[in-house]
Amino acid sequence: MKKTMLIAAAALAALPALLAAQTSAKADANVRVRTDASASASRRDRDQGEARSDTRVSAESSAEVRLDASRRALSDGGRRDPSRAETAAGAKAMAAGAAESDLAVLAEHAPRGRSLTASANALARLGAESGDFHSSAAAIAARLEQNASDRAITRLAATGSVDAMLHGADANAAANVAGNSTAGLGGILRGGASVTGGLGARAGGIIP
């Protein structure tokens, strides 16, 4: 009996230490869990940050490439020293889907000294909405040859119709082509090919 009591007393004496050890172990486990979670979150944030950085660098690189291509295309079309605004508008059109040749067409047929910023912006919009940048460029070039105003070109591009760009009324264009009803579009579409199906053999000049 005495031995049993001694064992029980010893167990009771050791209980606080045992409870303290258990509490400490649980606390250590919680700390490890929080530490692991924090490390995981840090790695995730780092990976996401690197991904965003890579995306930003790639986007910046693509933008620079388009600016260079825009400047080259305008220069090839005869605009030897395109302005920053013209170059940026051309890059915007290329980002939307235009080719260098489309920008060159605008530069080739624009009146001397005429800014191409509005026309390049119109190409971006009309080409994207019509799905045909080649024909859109030819139609806008026809308007440039007729000396249509930037406002008119912008307004016609907003219709999303290449046919509207070719045939929509504009006071400046009407004044320039008055008395020359057989001239059509002034030779913008080569070989008599029709962009919209409505030009027939009256067209001749840009699109082979």
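Everything below is about the structure printed above this text.
Residues numbered from 1 in each chain as written. Predicted model: local features only at pLDDT ≥ 70, side-chain atom pairs only at ≥ 80, totals over all residues. Heavy atoms only, no water.

A. Structural view of the pattern of salt bridges. Using the criterion set out here, one finds five salt bridges in the structure. Salt-bridge contacts for Arg 71 lead to Asp 68; the nearest nitrogen and oxygen are separated by 3.1 Å. Residue Arg 71 and its partner Asp 68 are both found in helix α1 (residues 2-76); the two are separated by three residues, about one turn of the helix. Among the residues examined, Arg 71 registers a relative accessible area of 39% and is labelled partly exposed. For Asp 68, a relative accessible area of 39% gives the class partly exposed. Here Arg 114 and Asp 150 are joined by a salt bridge, their closest N and O atoms 2.7 Å apart. (Salt bridge = Lys/Arg side-chain N within 4 Å of Asp/Glu carboxyl O. Helix = DSSP H or I, 4+ residues; strand = E, 2+ residues; numbered from the N terminus. Buried < 20%, exposed > 50% of the residue type's maximum accessible area, 1.4 Å probe, protein only.)

B. How the structure looks around the packing of helix α3 (residues 100-109) against helix α4 (residues 117-130). Running from N to C, α3 and α4 point in directions that differ by 145 degrees, and their axes come no closer than 10 Å. Read as a crossing pair, α3 and α4 show a hand that is right-handed. Contacts between α3 and α4 pair Asp 102, Leu 103 and Leu 106 from the former with Ser 119, Ala 120 and Leu 123 from the latter. (Axes fitted to C-alpha atoms, helices over the stretch in contact; angles between N-to-C directions. Left-handed = near helix turned anticlockwise from the far one by under 90°. Contact = heavy atoms within 4.5 Å.)

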